[in-house]
Amino acid sequence: CLRLDSTSPQAMFRLIVACLALVSGASAFHVPGMPTRVTVNSPRSAPDMTVLVVNGKRIDAKPGTNLGAAVQRAGLKPNYSCKKGECNSCVLSVGGTRIKACVGKVPPEPKLKSLQEKGLVVK
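Residues numbered from 1 in each chain as written. Predicted model: local features only at pLDDT ≥ 70, side-chain atom pairs only at ≥ 80, totals over all residues. Heavy atoms only, no water.

(A) Spotlight on the overall build of the chain. Summing up its helical and strand segments, the chain has 3 helices and 8 strands in all. Each helix and strand of the chain, placed in order from N terminus to C terminus, yields the pattern β-α-β-β-β-β-α-β-β-α-β. By the burial criterion, 34% of the 123 residues in the chain qualify as buried. (Helix = DSSP H or I, 4+ residues; strand = E, 2+ residues; numbered from the N terminus. Buried < 20%, exposed > 50% of the residue type's maximum accessible area, 1.4 Å probe, protein only.)

Shown next as structure tokens:
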């Protein structure tokens, strides 16, 4: 994720600044007084995590975890009736695939790079 052009003692400082830049959304930057440029490769979720986009909010969810719990963290409250997967009242569209939120699992990270970066839209 981060590439430092130097292994000098200032590398730790640049790493901390890079982390702050990553959180703020920057992809590359230069720290004044430092001879090298720090590059942050395409910001993505943590490895082995699926990015879900719920009402424009991006969340990282571990594949195989409960889908209902994951979307609730993003503020979406699915309708539930039976909580057993029989009534279909909790069905959500995740990246175009219909999944029952009460019994369904977060799908694995998509293989397509564009979907990895944009995330799977939940409706």
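(B) Just a nonpolar patch on the surface, in detail. Taken together, the side chains of Met12, Ile16 and Leu20 make up a nonpolar region of the molecular surface, amounting to roughly 330 Å² of accessible area. Tracing the backbone through its elements, the reader meets Met12 in helix H1 (residues 11–24). Its relative accessible area of 53% is what places Met12 among the exposed residues. (Patch = residues over 30% accessible without salt bridge, like charges linked within 9 Å, V, L, I, M, F, W, Y side chains within 5 Å. Areas by Shrake-Rupley, 256 points an atom, 1.4 Å probe, with all protein chains shown as cover. Salt bridge = Lys/Arg side-chain N within 4 Å of Asp/Glu carboxyl O.)

(C) Here's a closer look at the environment of Ile59. With respect to the helices and strands, Ile59 occurs in strand E5 (residues 57–61). When the C-alpha positions of Ile59 and Arg73 are compared, they lie 8.0 Å apart, and in sequence the two are 14 residues distant. Other than its neighbours up to four places away in sequence, Ile59 contacts Thr50, Val51, Leu52, Ala70, Arg73 and Ala74. (Contact = heavy atoms within 4.5 Å.)

(D) Just the environment of Val94, in detail. As for its position among the elements, Val94 is in strand E6 (residues 91–94). Residue classification places Val94 among the buried residues on the basis of a relative accessible area of 4%. For Val94, the residues in contact, after removing those within four places along its chain, are Leu52, Leu67, Ile99, Pro107, Leu120, Val121 and Val122.

(E) Inspection of the nonpolar core at higher detail. Core analysis: the largest hydrophobic core is formed by 18 residues, its most contacted members being Leu52, Leu67, Val71, Leu92, Val94 and Val122. Mapped onto this core, the elements with two or more residues apiece are strand E4 (50–54), E5, helix H2 (67–73), E6 and strand E8 (120–122). Looking at which element gives the most residues to this core, the answer is H2, with 3 residues. Those residues within four positions of Leu67 in sequence are excluded, and the remaining contacts are Leu52, Leu92, Val94, Ile99, Ala101, Gly104, Lys105 and Val106. (Core = buried A, V, L, I, M, F, W, Y, C linked by side-chain atoms within 4.5 Å.)

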